[in-house]
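A structural walkthrough
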Amino acid sequence: MPALTDLTLTQAIQALRKGNLSSQELTRAYLERIERLEPALHAFLTLVPERALAQAKAADRRLKAWRSSPSEPLPPLLGLPIAVKDVLCVKDMRCTCGSRILENFVPPFNATVVERLLQAGVVILGKTNTDEYAMGSSTENSAYGATRNPWNTEHVPGGSSGGSAASVAASLAPAALGTDTGGSVRQPASFCGVTGLKPTYGRVSRYGLVAYGSSLDTVGALGRTAEDVAALFVLMAGSDPRDATTLDLPVPKIDLGPSTSLTGLRVGVPDEYFITGIQPEVEGAVRHAVDVLASLGAMVQPVSLPHTEYALPVYYLIAPAEASANLARYDGVRYGPRLSGETMWDLFFNTRGEKFGAEVKRRIMLGTYALSAGYYDAYYGQAQKVRTLIKRDFDAVFEQVDMVAAPVAPSTAFRIGEHTGDPLSMYLEDVFTLPANLAGVPGLAFPVGFDRQGLPIGMQLMGPPFREEILFQSAHAYQQATDWHLRRPNL
Amino acid sequence: MTLTLEEVEHIAELARLRLTPEEKERYRDQLSAILDYAARLQELDTSGIPPTSSVLPPHTMLRPDLPQPGLTLEELLRNAPETEADQFRVPPILE
């Protein structure tokens, strides 16, 4: 048997059920590895070892009872540890959002995805690092310090779900929850060499997710394999009376057997994602991965998403506009620390000015401007119209093909500090992930190679709304035929 | 430069953010660069194109209007920086 912390979720489920492994052994193995590697990586903001071991102990009792009378149904993920991005509420566990303005916030309720996974039996190891309020592409915007990329600690893990991606890549957790508003699951998955899903908008409840850009926010998951991410997704998905944007559609049963045939599947490759300036090794690895899909039976054809280049300015008007409204609630009255002021207004201004970080203030300012009288039509209004054009691009392409294959980011993980002085250059890193959020379509990122520096390269498959199963089947077939997803950093 | 220092101050006022003089200058430069970049959206003719505020098909989620257990007063107040008599405490609003 491989090291406990190298087991996939699927392998660990088997071992736990057979009794070859206890949840306490598995949880302890992860906690020990976290203790050893966390100082170098800083993937977590909060760790709860005692609570995790208590959950594991309860899971072991239930597993033991089940083995003596296996007719009882067993929660599907009973005893499996996971990590949770620190923008999702877990009852009675500190939730900071990577911000000083929530440094002592302890939610009194569970996010719906957390509640569903707890019902499914998971053990929560802790909360992972994130750019403040999920605003960033590197986790450098965390008020608690950047996470390091496990493949090279001089490089960023991507963001904003950088702590979740690094924890999975470094085997500090077998899987983790993340969120994706403009690429925040897919880009760190790509930078860290793991598999990550951004679901369709409306597929997974955001109740208990701290809001950033409400027309774009999605809750996704990261793991080592498409199979593991699918196992989480089917439990997270489905309508929720507490999130009126969730649609009441059946959640597909995703059956990923040993078959790797993609016969008949039509894959589009959009020219607009192979732009000047893309790292040649990224283009090479993605094109090679598309060839692998073709060798498995897929029919590959070029397609066009002509408004791709406008996704960046559209996103960086719409998301900040929504953020400026969502973050109005942080005023030093109901939660968070408070700076004193003689009047209510002083209290608001002082608390927000002092406790929000530079990027959060930048986006609040940008959004406030885009929504302000006299500029609304030119900025926010125009962005919403161009968003329609971007969505129509995808609608038209999905008339021709079943999914689209593209790089996740123009380059592999950049160096810590490389973009921190120039926000616009950081935003440009998101150019390939923003369109899926603006169109609301699902995207699945997974590793397809490494560059000369030994940093992972990711590809994303984007599909029609509510067709996540096609993405999982394709990535699973690819992972049956290749072994990039099995590579681990030397730590 | 799209923005002046006065405009930056006006935006910060609307957003309820106390900024230092250095922050105001930095945001003037950075926000101007971002807005200059965003100006390329004006290249597109969007006459007749409806805005997208949500990608979802129009739908209304209905549920029975039934009383449900909610959060307790202790749970609602426990994260507040200052409370008094089961209420959030704030500075005086009226003289």
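The model shown is predicted, which means the values in this text are computed figures rather than measured ones. (Residues numbered from 1 in each chain as written. Chains lettered and ligands numbered in written order. Predicted model: local features only at pLDDT ≥ 70, side-chain atom pairs only at ≥ 80, totals over all residues.)

1. Some details on the overall build of chain B
Within chain B one finds three helices and two strands. Its helices and strands taken in sequence order, chain B reads α-α-α-β-β from the N to the C terminus. A compact globule built from 95 residues should have a C-alpha radius of gyration of about 12 Å, whereas chain B, at 23 Å, is more than 25% larger. For chain B, the proportion of its 95 residues judged to be buried stands at 16%. (Helix = DSSP H or I, 4+ residues; strand = E, 2+ residues; numbered from the N terminus. Rg over C-alpha atoms; globule rule 2.2 N^0.38 Å. Buried ≥ 20, exposed ≤ 12 C-beta atoms within 10 Å, placed from the backbone.)

2. Quick look at the overall build of chain A
Across its full length, chain A carries 15 helices and 11 strands. Expected size for 491 residues packed as a compact globule is a radius of gyration near 23 Å; at 21 Å, chain A falls within 12% of this value. Counting only C-alpha atoms and orienting by the principal axes, one finds that chain A spans roughly 70 × 55 × 45 Å. Buried positions account for 60% of the 491 residues belonging to chain A.

3. Considering the nonpolar core
Residue and element names in this part refer to chain A. Core analysis: the biggest nonpolar cluster contains 176 residues, and Ile82, Leu88, Leu222, Met236, Val314 and Leu317 have the highest contact counts within it. Of all the elements, helix 9 (residues 311–326) adds the most residues to this core, at 10 residues. Here leucine 88 is in contact with Ala111, Val113, Val114, Leu177, Gly208, Leu209 and Val219, once residues within four sequence places are set aside. (Core = buried A, V, L, I, M, F, W, Y, C linked by C-beta atoms within 7 Å. Contact = placed C-beta atoms within 7 Å.)

4. As for the sheet that holds strand 4 (residues 175–179) of chain A
Residues and elements named next belong to chain A. Strand order in the open sheet formed by 11 strands is 1-3-2-4-6-5-10-11-9-7-8, with mixed pairing between adjacent strands. The open sheet has two free edges, formed respectively by strand 1 (44–47) and strand 8 (299–303), since each of these has just one partner strand. The average angle at which neighbouring strand axes cross in this sheet is 30°, direction not considered. Pairing between strand 4 and strand 6 (residues 219–223): five bridges, direction antiparallel. Its bridge partner lying in strand 6, leucine 177 is registered against alanine 221. (Pairing = 2+ DSSP bridges. Axes fitted to C-alpha atoms, helices over the stretch in contact; angles between N-to-C directions.)

5. Brief notes about the interface of chain A and chain B
The interface is formed by 57 residues belonging to chain A together with 41 residues belonging to chain B. For the side of chain A that touches chain B, the elements supplying multiple residues, two or more each, are helix 9, helix 10 (344–355), helix 11 (358–371), helix 12 (377–400) and helix 13 (423–427) of chain A. Residue composition of the side of chain A that touches chain B, grouped by class: 31 nonpolar, 17 polar and nine charged. (Nonpolar A, V, L, I, M, F, W, Y, C, P; charged D, E, K, R; others polar.)

6. What about helix 11 of chain A?
Its 14 residues give helix 11 of chain A an end-to-end C-alpha distance of 20 Å, which sits within 8% of 20 Å, the value for a rise of 1.5 Å per residue. Within helix 11 of chain A, 11 of the 14 residues are buried, which leaves the element mostly enclosed by the surrounding structure. Among all positions of helix 11 of chain A, only Val360(A), Lys361(A), Arg362(A), Arg363(A), Ile364(A), Met365(A), Leu366(A), Gly367(A), Thr368(A), Tyr369(A) and Ala370(A) are buried. Those residues of helix 11 of chain A that are buried lie in contact with helix 9, helix 12 and helix 13 of chain A together with helix 1 (5–14) and helix 2 (21–38) of chain B. (Expected span 1.5 Å × (residues − 1).)

7. So, the packing of helix 9 of chain A against helix 2 of chain B
Running from N to C, helix 9 of chain A and helix 2 of chain B cross one another at 130°; their axes reach a closest spacing of 9 Å. By the angle between their directions, the pair helix 9 of chain A and helix 2 of chain B is classed as oblique. The interaxial crossing formed by helix 9 of chain A with helix 2 of chain B has left-handed handedness. Together, Pro313(A), Tyr316(A) and Leu317(A) of helix 9 of chain A and Ile34(B), Tyr37(B) and Ala38(B) of helix 2 of chain B make up the contact between the two elements. Tallied by class, residues from the contact of helix 9 of chain A with helix 2 of chain B come to six nonpolar, no polar and no charged. (Parallel < 35°, antiparallel > 145°, perpendicular 65-115°, else oblique. Left-handed = near helix turned anticlockwise from the far one by under 90°.)

8. Observations concerning helix 7 (residues 226–236) of chain A
Residue and element names in this part refer to chain A. Within helix 7, 10 of the 11 residues are buried, which leaves the element mostly enclosed by the surrounding structure. Along helix 7, the positions that sit buried rather than exposed are Ala226, Glu227, Asp228, Val229, Ala230, Ala231, Leu232, Phe233, Leu235 and Met236. At the exit of helix 7 stands glycine 238, carrying a positive phi of roughly 115°.

9. Topic: the environment of His476(A)
Examined against the element boundaries, His476(A) turns out to sit in helix 15 (residues 468–481). Dropping the residues within four chain positions of it, His476(A) is found in contact with Ala226(A), Glu227(A) and Leu256(A).

10. Details of the packing of helix 9 of chain A against helix 11 of chain A
All names here are of chain A. It is the contact of helix 9 with helix 11, at a shortest axis distance of 7 Å, that shows an interaxial angle of 100°. As judged from the angle between their axes, helix 9 and helix 11 are roughly perpendicular. Across from Leu317, Pro320, Ala321, Glu322, Ala323 and Ser324 in helix 9, the residues of helix 11 making contact are Arg363, Ile364, Leu366, Gly367, Thr368, Ala370 and Leu371. For the contact of helix 9 with helix 11, the residue count by class is eight nonpolar, three polar and two charged.

11. Here's the deal with the confidence of the model for chain B
With 98% of its residues at a pLDDT of 70 or more, chain B has an overall mean of 93. Among the scores for the predicted complex, ipTM is 0.96 and pTM is 0.97. (pLDDT = per-residue confidence, 0-100.)

12. A word on the pairing of strand 10 (residues 443–450) of chain A
Residues and elements named next belong to chain A. In terms of burial, strand 10 is largely enclosed, as seven of its eight residues are buried. Where strand 5 (residues 195–198) lies against strand 10, three bridges are found, and the strand directions are antiparallel. Counted as the bridge partner of lysine 198 is glycine 443 from strand 10. Looking at chain direction, strand 10 and strand 11 (residues 456–462) are connected through seven bridges and run antiparallel. Residue pairing for strand 11: phenylalanine 446 is matched across the bridge by methionine 459. Linkage of strand 10 to strand 11, two consecutive antiparallel strands, is achieved through a turn of five residues, within which glycine 454 is found at a positive phi near 85°.

13. Regarding unusual backbone geometry
All names here are of chain A. Here the residue pair glycine 159 and serine 160 is connected by a cis peptide bond, since its omega of 10° sits within 30 degrees of zero. Looking at the element boundaries, serine 160 is found in the loop between strand 3 (123–128) and helix 5 (162–169). Even without being glycine, histidine 42 reaches a positive phi, approximately 55°. With respect to the secondary-structure elements, histidine 42 resides in the loop between helix 2 (23–41) and strand 1. Judged by local crowding, histidine 42 falls into the buried class, with 22 C-beta atoms found within 10 Å. Despite not being glycine, alanine 134 shows a phi value in the positive range, around 65°.

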